[in-house]
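Close look at the chain arrangement
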Amino acid sequence: MVPEPADQPGAPNPSASRTPRHVAFIMDGNGRWATNRGLPRLLGHQAGLDNLKHVLGHLHQRGVQFVTVYAFSTENWDRPTEEVEGLMELLRDGLGELTQELHGNNVRVHHVGRSNRLTPELHEGIERAVALTRENTGITINVAFDYGGREEILQACRGIIEDQVPIEAVDERLFSKYLYTAGTPDPDLIIRTGGELRLSNFLLWQSAYSEYYSTHVLWPDLDAIELDKALASYQNRHRRFGKVNTADSLD
Ligand code: FPP
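Rules of the game
- Residues numbered from 1 in each chain as written.
- Predicted model: local features only at pLDDT ≥ 70, side-chain atom pairs only at ≥ 80, totals over all residues.
- Heavy atoms only, no water.
- Axes fitted to C-alpha atoms, helices over the stretch in contact; angles between N-to-C directions.
- Helix = DSSP H or I, 4+ residues; strand = E, 2+ residues; numbered from the N terminus.
- Parallel < 35°, antiparallel > 145°, perpendicular 65-115°, else oblique.
- Left-handed = near helix turned anticlockwise from the far one by under 90°.
- Contact = heavy atoms within 4.5 Å.
- Nonpolar A, V, L, I, M, F, W, Y, C, P; charged D, E, K, R; others polar.
- Salt bridge = Lys/Arg side-chain N within 4 Å of Asp/Glu carboxyl O.
- Buried < 20%, exposed > 50% of the residue type's maximum accessible area, 1.4 Å probe, protein only.
- Expected span 1.5 Å × (residues − 1).
- Bend = angle between axes of the 7 residues up to and from the residue.
- Core = buried A, V, L, I, M, F, W, Y, C linked by side-chain atoms within 4.5 Å.
- Near = heavy atom within 4 Å.
- Polar contact = N/O pair within 3.5 Å; in protein donor to acceptor, adjacent residues only side chain to side chain.
- Areas by Shrake-Rupley, 256 points an atom, 1.4 Å probe, with all protein chains shown as cover.
- 1 Å grid on protein atoms, 1.4 Å probe; cavity = no way out; pocket = protein on both sides within 12 Å on 5 of 7 lines; lining within 4 Å.
- Sits in = over half its atoms within 2 Å of the grid points.
- pLDDT = per-residue confidence, 0-100.
- Pairing = 2+ DSSP bridges.

This paragraph deals with the packing of helix H2 (residues 41-61) against helix H3 (residues 81-104). The contact between H2 and H3 brings their axes to 10 Å, and the two run at 25 degrees. Comparing their axes, H3 and H2 come out roughly parallel. Between H2 and H3 lies a crossing of right-handed hand. Across from Arg41, Leu42, His45, Gln46, Leu49, Lys53 and Leu56 in H2, the residues of H3 making contact are Glu82, Glu83, Gly86, Leu87, Leu90, Leu98, Glu101 and Leu102. Its residues assigned to classes, the contact of H2 with H3 comprises 7 nonpolar, 3 polar and 5 charged.

Shown next, in the form of structure tokens:
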């Protein structure tokens, strides 16, 4: 089998023993963080948004190139209306300032997920952030907003059918190009805060060989020390991508 070039989506990361190229987060625990302090849940999401900037800064320092954050899932619409509306407002109101800050730090912003259920203002705000930061060369952040792994796979299938792709041309590489994450390497490391041990419909296709790390720390409390623990854990894994282990195998 011809090895895939390292910069292709789905290809093994050759530097897996050192720094993950792509880290993805299930940012869980905002609600508990707020409840523990006697605050409304929305203030937990605000604290989570603030912490995202620190997390990005630290991972950039550590040499990570891509970060994906699960900010709102296709299932999160079923939360109480007040919380859903609050999350939408939080993003809409914070987006302008956040975008400027990220742009100032040379961060490239992508959206992964559905756009057609977002309010026009939010949709436009996200489009503006993506357009403004398109040429940036620093860390890339994929914001998974109205994202679900199963929905993503279905929309990829629909796209392939719509484009009338010949059946023999449908392989993993082509399929990846129809996903929201097209052009982004698969995540090397998925970190879930808040202590649960579930993937919750996150990056189902892309996580086939991702390393997984769960911490009880709640998302707004995830700091440099906890991040370095996760990175150290990753550095001690032996990634084999389904192949036979050898004594000196690092991938
Ligand atoms: C899960 O915590 C978190 C969310 C559903 C939303 C995450 C959103 C942010 C961190 C802020 C927005 C960020 C961006 C980039 C738009 P939970 O509410 O399930 O917490 P719990 O398990 O303690 O109840």
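Let us now look at the pattern of salt bridges. Taken as a whole and judged by the stated rule, the model has 13 salt bridges. With a shortest N-O distance of 3.6 Å, arginine 198 and glutamate 196 are connected by a salt bridge. Judged by its relative accessible area of 28%, glutamate 196 is partly exposed. Across the pair arginine 239 and glutamate 211 runs a salt bridge, and its minimum N-O distance is 3.7 Å. Of this pair, arginine 239 sits in the segment after helix H7 (224-235) while glutamate 211 sits in strand E6 (residues 211-214); the two residues are 28 residues apart in sequence, bridging distant segments of the chain. Glutamate 211 sits in the buried class, given a relative accessible area of 16%. Through salt bridges with shared partners, a single network forms among Asp188, Glu211, Arg237 and Arg239.

With that out of the way, let us pick up H3. Each α-helix winds once per 3.6 residues, and so residues spaced three or four apart point in a common direction. Taking 1.5 Å as the rise per residue, H3 with 24 residues should run 34 Å; its terminal C-alpha atoms sit 34 Å apart, in good agreement. Remark: the principal bend of H3, roughly 50 degrees, maps to leucine 95. Every buried residue belonging to H3 is among Glu83, Val84, Gly86, Leu87, Met88, Leu90, Leu91, Leu95, Leu98, Thr99 and Leu102, and all of these are buried. Once H3 ends, the next one or two residues include asparagine 106, with phi positive near 65 degrees.

What follows is about the nonpolar core. Core analysis: the largest hydrophobic core is formed by 40 residues, its most contacted members being Phe25, Leu52, Leu59, Val67, Ile141 and Ile191. Breaking this core down by element, the ones donating at least two residues are strand E1 (22-26), H2, strand E2 (66-73), H3, helix H4 (120-133), strand E4 (140-147), strand E5 (189-192) and H7. Not counting residues within four places of it along the chain, the set of residues in contact with leucine 59 comprises Val23, Phe25, Val64, Val67, Ile139, Leu227 and Leu231. Of all hydrophobic cores here, the second largest spans 9 residues; its members include Tyr70, Ala144, Tyr147 and Phe202.

In the vicinity of the ligand there are 16 residues, among which Asp28, Gly31, Arg32, Arg41 and Arg79 approach most closely. The separation between an oxygen atom of the ligand and a polar main-chain atom of glycine 29 is 3.3 Å. Here an oxygen atom of the ligand sits 2.9 Å away from a polar atom, N or O, in the side chain of arginine 41. When the ligand sits alone it has 630 Å² of accessible area, and the protein chains cover 91% of it. Under a 2 Å grid-point criterion requiring more than half of the atoms, the pocket assigned to the ligand is the largest pocket. Elements with a minimum of two residues in the shell around the ligand: helix H1 (30-36) and H2. Examining the composition of the shell around the ligand, we find that 5 residues originate from one element, H2, more than from any other. Tallied by class, residues from the shell around the ligand come to 6 nonpolar, 6 polar and 4 charged.

Let us look at the confidence of the model for the protein. Put simply, the protein has an average pLDDT of 90, and 90% of its residues get 70 or more. A low-confidence stretch, residues 1-12 stays under pLDDT 50, and its non-local contacts, those more than four residues away or across chains, total 19 contacts.

This part takes up the sheet that holds E4. Strand order in the open sheet made by the 6 strands is E3-E4-E2-E1-E5-E6, with parallel pairing throughout. Taken across any chain shown, the strands that pair with only one partner, and hence form the sheet edges, are strand E3 (108-112) and E6. Within this sheet the neighbouring strands show an average axis-to-axis angle of 20 degrees, counted without direction. Bridge count between E2 and E4: 7 bridges; the pairing is parallel. Note that in E4 the partner of tyrosine 70 across the bridge is alanine 144. In the packing of H4 onto the sheet, the strands contacted are E3 and E4, and the crossing angle to E3 comes to about 140 degrees.

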